[in-house]
Amino acid sequence: MDRSTQFTKFGARAAALLDQWQQQNHRPLTAPAWLDTGGSGASLASVFVRDSDPGRTTRRMIIKLCSPDGDSSMEPGRLIAARRSLPNGESSFPRAHLVEQLYDPMPVDDAWLMFQGFAGNDETMVTLSTILRQRRMPGVAGQITRSLLADWNPDEKWDGEMTAAAFVSELLDRRLEPEEPLAVWVRDKLGLDLETAWIRPGRTNAGPLPNPVHLTGSCPLAEHTLDYPMRGRAHGDLHPGNIMVPKEPDADIGRYVLIDLSRFDEQALLARDPMHLLLCLVADFLPHLSDDARAELLELLVGRDTPGLLIPQGLARTVDEVRKAPDDWLRQRTISGQWPGQWLLSMQACALMFTARARYDARDRWWFFRLAAEAAGAYLRSVDAYEPGEAVLVPGPREAEPAVVAAVKLPQQAAPPDAKRETKPESTPAPDPVRIPAPAPTPVQESVASGLAAADESLPDAAPSTPAQALPDALPALLIDLRNTFADRQGEVREYHAGSVATRTLGLIREQSERGQADLKALLTSRHDALDEEARNRLDAVLGRLAHVTEAANAPGFSYEQPLFLRDLAHRALVVALDTLLESTRQAALDHEAGEADGAGQATDPIRPEGARTPSG
């Protein structure tokens, strides 16, 4: 019987090998359920296996296709090492909280198929990614953090002192090498030299902070020593897709199982695992937060007092639960005073890991970079070593300059059908032409700008004749059109099966996102001085989301030459990019409406030019 069609999500090669494995070993596999991996490169399926070997029974098993990278190729051996590393010689933790290899792993090209099970043979276990929005999430995250330290590391280790810079460098490993994504992004998008010691992130009046990627030579962190860096057993890549928990909302929050131990290390710095998990949970909320909420969240994470009124309640509770989880474990140690500094340094390193990840847009990556700098500054203050030198202003990610430019007319606000166009006095000068990229027209879909220019029926090449005061009125129409356009595209993408998005749909998304960027840049360029800083930041965020959608739709993972699990990963990344774009345009539209309602009499209105008549004027 050909069962390979059950596992086509693994790709044709892996599915065929699984069919062969079932026939040769007389171990039929049934009822596959695909598990959410939280954005990792692996694919997971939960199946029933009926084993013909004496002494074995039908049980639930996880089949994992590891992602084809260097660390994953080591997973089978490191899983064995993790299960053999016994806290205080006791086997209870590995039995309860680590997967085991039920059968020998099977190579698939450059990857592995692994057959894993865990204590209890529980078929109701799901990945932590599945319950991110459930009320129990804060308690589960806190309990897992507590257990990783108290249960897995009651016998933490020490192998000598190290500088704070060496601590962060060890966690980052190769990420700061010149051609790695983190170094490239900091250099190209922020225009920042990795050897600069002090920076002012965001604005000129910001307090100076240590450059979080400067970890060599006489950097500020190199001048302070950690006497007791806490080491022990660590997962090494702890995120919600690598933790399995019971599906039932009222289940015991202490039940969990760690999967994917390809980076297991029994001499790791212990502050990394809980911090990386926490920032994964933060990253899930981040696209939905306003700039003010992001600022409060940053303050909360580095331990400063903040009202926290804008932070979602569930996220605030999660931060608190994870942060206080080590307390009982630390109380049993005379060196507990070493932990707060290592927590901040781990925050710096892990935030830089997120800064390096291309699946987050520029706005989110910039926020993580600022978090890394704030954590480094908080550490130096905690050890009375905050002595800033001359600081370089780092305003944020740089927008790429257009390679080709053309003069394009900005759209006018549509007049009522019976109204006559107002004649503009000859003495009124026309604004300068706005220079923006001009993508080639497409026969498939009208651009966002064409819908806005319906009153004129065309976009002539001449300079715009619209009075400057009328231009911002096109902004709400543009935002509405963007939302409607990409809500349609989002619906189409969600209807496709994993990894099967049509080329035509991807082309439409790329074309519409590029045109949306051109139209919005035109408005921003022409009315830059009439928009306050908050409005510009909000609209810059929409631009960033549009660019991220273009990037996601261009992902090489969509190629049918790629394995199915890579196409599925690209598919989910595009869905997330569209979700965050729609949320960003919604928030920008709400801000615009609030500005119209409350902005009467303000010197600078988010969408009204200075000097324009207010509704009451």
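Provided above is the structure to which this section pertains.
Here the structure is a predicted model, which means the values were calculated and not measured.

Conventions used here
- Within each chain, residue numbers correspond to sequence positions counted from 1 in written order.
- Local features in this predicted model are restricted to residues whose pLDDT is 70 or higher, and side-chain atom pairs enter the listing and the counts only when it is 80 or higher, whereas totals over whole chains, interfaces and linings include all residues.
- Side-chain numbers here rest on the full set of heavy atoms in the structure, without hydrogens or water.
- We count a stretch as a helix when DSSP gives it H or I for four or more residues in a row; a strand needs E for two or more, and each element gets its number in order from the N terminus.
- Any residue under 20% of the maximum accessible area for its type is buried, any over 50% is exposed, and the rest in between are partly exposed; the area is computed with a 1.4 Å probe on protein chains only.
- Note on contacts: a residue pair is in contact if any heavy atoms of the two residues lie within 4.5 Å.
- Here the Shrake-Rupley method, with its probe set to 1.4 Å, supplies the accessible areas, and only the displayed protein chains count as covering residues.
- In this scheme, a helix's expected span is set at 1.5 Å multiplied by one less than its residue total.
- Whenever two N or O atoms come within 3.5 Å, that pair is a polar contact, provided that in protein one can donate a hydrogen and the other can accept it, and provided that, for residues adjacent in sequence, both atoms are side-chain atoms.
- Note on method: axes are straight lines fitted to C-alpha atoms, helices fitted across the in-contact stretch only, with angles between N-to-C directions ranging 0 to 180 degrees.
- An angle below 35 degrees is treated as roughly parallel, one above 145 as roughly antiparallel, one from 65 to 115 as roughly perpendicular, and anything else as oblique.
- Two helices that cross are described as forming a left-handed crossing if the nearer one is turned anticlockwise from the farther one by less than a right angle, and a right-handed crossing if clockwise.
- Under the convention adopted here, Pro, Cys and the residues Ala, Val, Leu, Ile, Met, Phe, Trp and Tyr are nonpolar, Asp, Glu, Lys and Arg are charged, and Gly plus all remaining residues are polar.
- Should DSSP find at least two bridges between two strands, the strands are regarded as paired.

Draft legend 1. View of the overall build of the protein. Per the secondary structure count, the protein includes 17 helices and 17 strands. Each of the 617 residues in the protein was classed as buried or not, and the buried ones make up 50%. Long-range contacts, defined here as pairs at least 24 residues apart, represent 73% of the contacts in the protein between residues at least 6 apart. Carbon and sulfur atoms make up 49% of the accessible area of the protein, which amounts to about 28,000 Å² in all.

Draft legend 2. Structural context of helix H12 (residues 362-382). For H12, which comprises 21 residues, the first-to-last C-alpha distance of 30 Å matches the rise-based estimate of 30 Å (1.5 Å per residue) to within 8%. With 17 of 21 residues buried, H12 lies mostly within the body of the structure. Where H12 begins, one side-chain oxygen reaches toward the backbone nitrogen of Arg363, 3.2 Å away; that side chain belongs to Asp361. In the segment just after H12, Asp384 is the residue with positive phi, at about 55 degrees.

Draft legend 3. Looking closely at helix H8 (residues 291-301). The set of residues buried in H8 consists of Ala293, Arg294, Glu296, Leu297, Leu298, Leu300 and Leu301. Looking one or two residues beyond H8, the residue adopting positive phi is Gly303, at roughly 90 degrees.

Draft legend 4. Examining the packing of helix H4 (residues 137-150) against helix H9 (residues 313-324) more closely. Where H4 meets H9, the axes come as close as 8 Å, and the angle between the chain directions of the two elements is 15 degrees. Considering the angle they form, H4 stands roughly parallel to H9. Viewed along their axes, H4 and H9 form a crossing whose handedness is right-handed. On the side of H4, the interface is formed by Pro138, Ala141, Gly142 and Thr145, while H9 contributes Gly314, Arg317, Thr318, Glu321 and Val322. Considered class by class, the residues forming the contact of H4 with H9 number three nonpolar, four polar and two charged.

Draft legend 5. Broad picture of the side chain of Arg60. The topology assignment puts Arg60 in strand S3 (residues 59-65). On the accessibility criterion, Arg60 (13% relative accessible area) is buried. A polar atom in the side chain of Arg60 sits 3.1 Å from the backbone oxygen of Ser46.

Draft legend 6. Region of interest: the environment of Leu258. With respect to the secondary-structure elements, Leu258 resides in strand S13 (residues 257-258). For Leu258, a relative accessible area of 0% translates into the label buried.

Draft legend 7. Examining the sheet that holds strand S4 (residues 100-108) more closely. As summarised here, the arrangement of the five strands in space is S1-S2-S3-S5-S4, forming an open sheet in which the pairing is antiparallel. Each end of this open sheet is capped by a strand with a single partner; those strands are strand S1 (29-35) and S4. On average, each strand axis in the sheet is inclined to that of its neighbour by 25 degrees, with strand direction left out of account. The pairing of S3 with strand S5 (residues 111-117) spans four bridges and is antiparallel. Pairing of Ile62 across the sheet is with Gln116, part of S5.

Draft legend 8. Just the sheet that holds strand S15 (residues 391-394), in detail. In spatial order, the strands read S9-S8-S15; together these three strands make up an open sheet with mixed pairing. Looking at the sheet topology across the chains shown, the edges are occupied by strand S9 (209-210) and S15. Of the pairings in the sheet, the one linking strand S8 (residues 198-201) to S9 comprises two bridges and is antiparallel in character. Counted as the bridge partner of Trp198 is Pro210 from S9.

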